[in-house]
Amino acid sequence: MKGQNKLFIAIIIALLLGVGIGGIVHVSYPDSAEPFSKNIKLLGTVFIRLVQMIIAPLVFTTLVVGIAKMSDIKMIGRVGTKAMLWFISASLISLFIGLILVNWLEPGHVTKLPIQDVASADELLKSSKSFSMEDFVKHMIPKSLFEAFATNEVLQIVVFAVMFGVALANLGEEYAKPVVKLFDIIAHAILKMVGYIMWFAPLGVLGAIAAVVATNGFEIFKVYAIYLRDFFFAIGVLWLVLLLVGYFILGNRLFDLLKRIKEPLLIAFSTTSSEAVFPKLVEELEKFGCNSRVVSFILPLGYSFNLDGSMMYMTFASIFIAQIYGIEMTLGQQITMLLVLMLTSKGIAGVPRASLVIIVATCSMFGIPPEGIALILPIDHFCDMGRSMTNVLGNTLATTAVSKWEGQLTEPLDKI
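Please read these numbers as outputs of a predicted model, since none were measured by experiment.

Q: When you look at the pattern of salt bridges in this model, what are you seeing that I'm missing?
A: Oppositely charged side chains may form a pair once their charged atoms are brought near each other. Counting across every chain of the model gives eight salt bridges. In this structure, R229 and D230 form a salt bridge, with 3.0 Å as the shortest nitrogen-oxygen distance. Residue classification places R229 among the exposed residues on the basis of a relative accessible area of 54%. Taking the relative accessible area as the measure of exposure, D230 reaches 2% and is therefore buried. Here E284 makes a salt bridge to K280, at a shortest N to O gap of 3.5 Å. Highlighted residues: E284 and K280, both in helix α15 (residues 278-288), separated by four residues, approximately one helical turn.

This is how it looks when you write it as structure tokens:
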């Protein structure tokens, strides 16, 4: 635990240094802000790419081993059903919280923002035009496992790994055991790499924070104060609901769980990447006492189907854009939008700026000017901090809850 505390302190120091250095560059050397940001952001890029390097093999090996070791196909179906019930319920609650609060707080009615980042908005518009049910199916079912590995398409890897794991489980122990053993060793080796990679996290945090502050300065918080205030209030409400459900299921062990995932939460918040903490989250959940087979099965699914922060943000941002343009939507239209978001958002976790692409596509469907996405692009980085951290919390609670329901939650490994 001492090593964990040292890493946590190092991340906090890096976060403060990043804000300080970025602020100095923005105030004292404004002409150098853009090249400075571009260069120092490479620190964050190095960390993210190191993590992305091990995501695909880790998801594949842990999921295959987890399913193959279950051997009981009924258990796979039971665990999968419980997980999907959690994912659907959590997604609907997240969407409804965003819908209710954006209508109550009405940030778009009191805030007039200039259209900015048109080029970036056009880019998103082009990305969203091709989104259809056909693309969803293509995104879910891999054409090639190697292509899925090369592009880090987690959902495609999950689909293949589940089928391969079920096949191994039905093959018989005599044939399957050597393959399962090999994958188990590979998974443990990759988890060992996690410890090395995590020590790059402070540098990644420093680079990401310094870059955004140097470019935008502190004024960005003033310009979008109302929107950020209301969004983070909504995130706070969602956290309260998730933690209450977590306490109802886990009791006082919830506090130990939160203590263990403080680093993944902070890294997700700082780097705006819930994917970046996946390996560390696997490690901490297993130490907490979650069954390794359940963790390796539920967590990868959660990264595609259980993004609570992103779900809430989609309704919040879509209705906000409608408010900015003075478009009044009936309750029926808003609920229809919510259900559309519920369906179209599944399985696009691997797409860059996935939430924004789905928001653009949904706005187009409901007669809201999709160009309005440009209104929130300048502060999307800060909103992404909140939703990435919430995604991590939601998947952590989903995994521990299913472990508890399966009777597979033991005492913490480091306390036995």
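Having seen the model, we can carry on.
Q: So what exactly am I meant to see when it comes to the nonpolar core here?
A: A general feature of soluble globular proteins is that nonpolar side chains tend to end up buried together. In this structure, F47 and Y227 are the most contacted members of the largest nonpolar core, which totals 117 residues. No other element matches the 14 residues that helix α2 (residues 33-70) contributes to this core. If near-sequence neighbours (up to four positions away) are discounted, Y227 is found in contact with Y313, F316, A317, F320, I376, I379 and C383.

Q: Can you walk me through α15 in this structure?
A: Summarising burial for α15: nine of the 11 residues are buried, a large majority. Where α15 is concerned, the buried positions are F278, P279, K280, L281, V282, E283, E284, L285 and F288. G289, located one to two residues past α15, shows a positive phi value of around 120°.

Q: When you look at unusual backbone geometry in this model, what are you seeing that I'm missing?
A: Excluding glycine, most residues fall at negative phi; most peptide bonds, likewise, are trans. Its identity as a non-glycine residue notwithstanding, E106 has a phi of 50°, on the positive side. In this fold, E106 is placed in the loop between α3 (73-105) and α4 (107-110).

Q: Would you mind showing me how to read the packing of helix α12 (residues 225-250) against helix α17 (residues 308-324) here?
A: A pair of packed helices can be characterised by two numbers: the angle between their axes and the separation between those axes. At a minimum axis distance of 11 Å, the contact between α12 and α17 shows a crossing angle of 145°. For the pair α12 and α17, the crossing hand works out as right-handed. Taken together, the residues of α17 that come into contact with α12 (itself represented by Y227, D230, F231, A234, I235, L238 and L242) are D308, G309, M312, Y313, F316, A317 and F320. Each residue belonging to the contact of α12 with α17 can be placed in one class, and the counts come to 11 nonpolar, one polar and two charged.

Q: Just to check I follow, could you spell out the packing of aromatic side chains for this structure?
A: A ring pair, where both rings are aromatic, is described by two values, the distance of the centres and the angle of the planes. Evaluation of the coordinates by the stated rule reveals 14 aromatic pairs. Between Y247 and F255 the ring centres are 6.0 Å apart and the planes differ by 55°, which places this aromatic pair in the tilted class. Three or more aromatic residues joined by ring pairs make a cluster, and in this case those are Y227, F231, F232, Y313, F316 and F320. Seen from the ring of F288, R253 lies directly overhead, with NZ or CZ sitting 4.3 Å from the centre.

Q: Would you mind going over a nonpolar patch on the surface with me for this structure?
A: There is a patch of nonpolar side chains on the surface, built from F96, I100, L331, I335 and L339 and spanning about 470 Å² of accessible area. Those elements that provide at least two residues to the nonpolar patch are α3 and α18 (331-344). A per-element tally of the nonpolar patch places α18 first, with three residues. By the secondary structure assignment, F96 is in helix α3.

Q: Even after reading the chapter, I still don't get helix α13 (residues 253-260), so can you show me in this structure?
A: Side chains of residues three or four places apart in an α-helix project in the same direction, reflecting 3.6 residues per turn. Of the residues making up α13, those classed as buried are L254, D256, L257 and R260. When α13 is viewed along its axis, its buried side chains cluster within an angular range of 160° and face the same direction. In this structure, the buried side of α13 is in contact with α12, α14 (262-271), α15 and α21 (380-405).

Q: Explain the confidence of the model for the protein here, please?
A: Regions with low pLDDT carry predicted coordinates that are not meant to be interpreted in detail. A residue-level look at the protein finds 82% of positions with pLDDT of 70 or above and a mean pLDDT of 79. Put simply, helix α5 (residues 118-129) is where the protein has its lowest mean pLDDT, 52, and α12 is where it has its highest, 92. Note on residues 111-119: pLDDT under 50 across the span, and 17 contacts to partners over four residues away in sequence or across chains.

Q: Can you walk me through the UniProt feature "transmembrane region" (unreviewed entry) in the protein in this structure?
A: UniProt marks residues 7-27, 47-71, 83-105, 154-172, 193-214, 226-250, 319-344 and 356-379 with the feature "transmembrane region" (unreviewed entry), using the numbering shown here. Secondary structure over residues 83-105 splits into 100% helix and 0% strand, and the C-alpha atoms at its two ends are 33 Å apart. Along residues 193-214 one finds 91% helix and 0% strand; the C-alpha atoms at either end are 32 Å apart.

Q: Mind showing me how you'd approach the packing of helix α10 (residues 201-216) against α14 here?
A: Here α10 crosses α14 at 30°, and the two axes come no closer than 9 Å. Taken together, the axes of α10 and α14 are roughly parallel relative to one another. Judged by the twist between their axes, the crossing of α10 over α14 is left-handed. Counted together, A201, V205, A208 and I209 of α10 and I267, S270 and T271 of α14 form the full contact between these two elements. Taken together, the residues of the contact of α10 with α14 break down into five nonpolar, two polar and no charged.

The rules behind the values
- Residues numbered from 1 in each chain as written.
- Predicted model: local features only at pLDDT ≥ 70, side-chain atom pairs only at ≥ 80, totals over all residues.
- Heavy atoms only, no water.
- Salt bridge = Lys/Arg side-chain N within 4 Å of Asp/Glu carboxyl O.
- Buried < 20%, exposed > 50% of the residue type's maximum accessible area, 1.4 Å probe, protein only.
- Helix = DSSP H or I, 4+ residues; strand = E, 2+ residues; numbered from the N terminus.
- Core = buried A, V, L, I, M, F, W, Y, C linked by side-chain atoms within 4.5 Å.
- Contact = heavy atoms within 4.5 Å.
- Axes fitted to C-alpha atoms, helices over the stretch in contact; angles between N-to-C directions.
- Left-handed = near helix turned anticlockwise from the far one by under 90°.
- Nonpolar A, V, L, I, M, F, W, Y, C, P; charged D, E, K, R; others polar.
- Phe/Tyr/Trp six-rings, centres within 6.5 Å; stacked < 30°, edge-to-face > 60°.
- Lys NZ or Arg CZ within 6 Å of the ring centre and 35° of its normal.
- Patch = residues over 30% accessible without salt bridge, like charges linked within 9 Å, V, L, I, M, F, W, Y side chains within 5 Å.
- Areas by Shrake-Rupley, 256 points an atom, 1.4 Å probe, with all protein chains shown as cover.
- Arc of directions from axis to C-beta.
- pLDDT = per-residue confidence, 0-100.
- UniProt positions renumbered as here; feature names shortened; annotations may be inferred.
- Parallel < 35°, antiparallel > 145°, perpendicular 65-115°, else oblique.

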